[in-house]
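# Notes for the structure review
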Amino acid sequence: MEVEVKFRVDFEAIREKIEELGADLSHEELQEDVYFSLPYPRLLRVRNVPNLGRAFLTYKEVKDPGRNEEFDELEVEVSSFGTTVEILRRLGFNEDVVVRKRRLVYKLGDVTFELNDVEGLGGFLDIEVISDDVPEAKGRIWEVAKALGLSEEDVEPRLYQELMKEKHL
């Protein structure tokens, strides 16, 4: 189970704090996510990571609707972003929103930090732990979040698709 909490942050300020904690920068990704219309809590996305020459097809199901912190996720690498998007279009899926971001991925033990600069939305930090023990994973996430100076007030429970739609209303 993918357990993550998303926080609205100042990109550069939180980057410094993550590095001060001793987290190691794993890599940088430039991402373009095309989301397709599915009824919530199901998500279907094709992700292009052009700077790494990779693309992925991802299906997610939100297991805690409203909080959006627990996900059952299936993901497969695909050889062509554009062809995968076209196949889904021809199968009758409608594009919902496109989200573009720059992501820095840091690791600290079992914790992954995904620091995102989302085009049109600003800075966000996803703190993630992969575990079947959801309460333990959330405890670990909050332990690290507090060390970064983050609190419940900084949590952004909405999905990026929701935020993009609200911005364009």
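Source: prediction; values computed, not measured.

Strand order in this closed barrel of 8 strands is β1-β5-β4-β3-β2-β6-β7-β8, and the pairing throughout is antiparallel. The mean angle between the axes of side-by-side strands here comes to 35 degrees, regardless of whether they run parallel or antiparallel. Of the strand pairs in this sheet, strand β7 (residues 111–118) and strand β8 (residues 122–130) are connected by 7 bridges, and their pairing is antiparallel. Residue Leu115 lies in a different strand from β8, and its bridge partner there is Leu125. Packed onto the sheet, helix α2 (residues 81–90) meets β2 (24–36), β3 (42–49), β4 (54–62), β5 (70–78) and β6 (95–108) and runs at close to 155 degrees relative to β3.

Moving on, we get to helix α1 (residues 11–20). Burial in α1 covers these residues: Phe11, Ile14 and Ile18. End-on view of α1: buried residues confined to an arc of 75 degrees, all on one side of the axis. Exposed side of α1, more than 90 degrees from the buried face: Glu16 and Glu20 are the residues found there. Elements that come into contact with the buried residues of α1 comprise β6, β7 and β8.

So, about the packing of aromatic side chains. This model, assessed by the stated rule, comprises 2 aromatic pairs. Note on Phe7 and Trp142: the rings are 5.5 Å apart at their centroids and 80 degrees apart in plane angle, and the pair reads as edge-to-face. On the criterion of sequence distance, the pair formed by Phe7 in strand β1 (residues 2–8) and Trp142 in helix α3 (residues 134–147) is long-range, its members being 135 residues apart. The two residues Phe7 and Trp142 agree in class, both being buried. A centroid spacing of 5.3 Å and a plane angle of 85 degrees characterise the contact between Phe124 and Tyr160, whose relative ring orientation is edge-to-face. Of this pair, Phe124 sits in strand β8 while Tyr160 is found in helix α4 (residues 160–167), placing the two residues 36 residues apart along the sequence. Residue Phe124 shares its accessibility class with Tyr160, and that shared class is buried. The ring centre of Tyr160 lies 3.9 Å from the NZ or CZ of Lys6, which sits over that ring.

This model, assessed by the stated rule, comprises 27 salt bridges. The salt bridge partner of Arg158 is Glu156, with a shortest N-O separation of 2.7 Å. Overall, Arg158 belongs to the partly exposed group, its relative accessible area being 29%. For Glu156, a relative accessible area of 6% puts it in the buried group.

Okay, the side chain of Gln161 next. As for its position among the elements, Gln161 is in helix α4. Assessed through its relative accessible area of 7%, Gln161 is described here as buried. Each residue touching Gln161, except ones within four places of it in the same chain, is listed here: Tyr35, Leu43 and Val97.

What counts, and at which threshold
- Residues numbered from 1 in each chain as written.
- Predicted model: local features only at pLDDT ≥ 70, side-chain atom pairs only at ≥ 80, totals over all residues.
- Heavy atoms only, no water.
- Pairing = 2+ DSSP bridges.
- Helix = DSSP H or I, 4+ residues; strand = E, 2+ residues; numbered from the N terminus.
- Axes fitted to C-alpha atoms, helices over the stretch in contact; angles between N-to-C directions.
- Contact = heavy atoms within 4.5 Å.
- Buried < 20%, exposed > 50% of the residue type's maximum accessible area, 1.4 Å probe, protein only.
- Arc of directions from axis to C-beta.
- Phe/Tyr/Trp six-rings, centres within 6.5 Å; stacked < 30°, edge-to-face > 60°.
- Lys NZ or Arg CZ within 6 Å of the ring centre and 35° of its normal.
- Salt bridge = Lys/Arg side-chain N within 4 Å of Asp/Glu carboxyl O.

Keep in mind that these numbers describe shape and distance, not what the molecule does.
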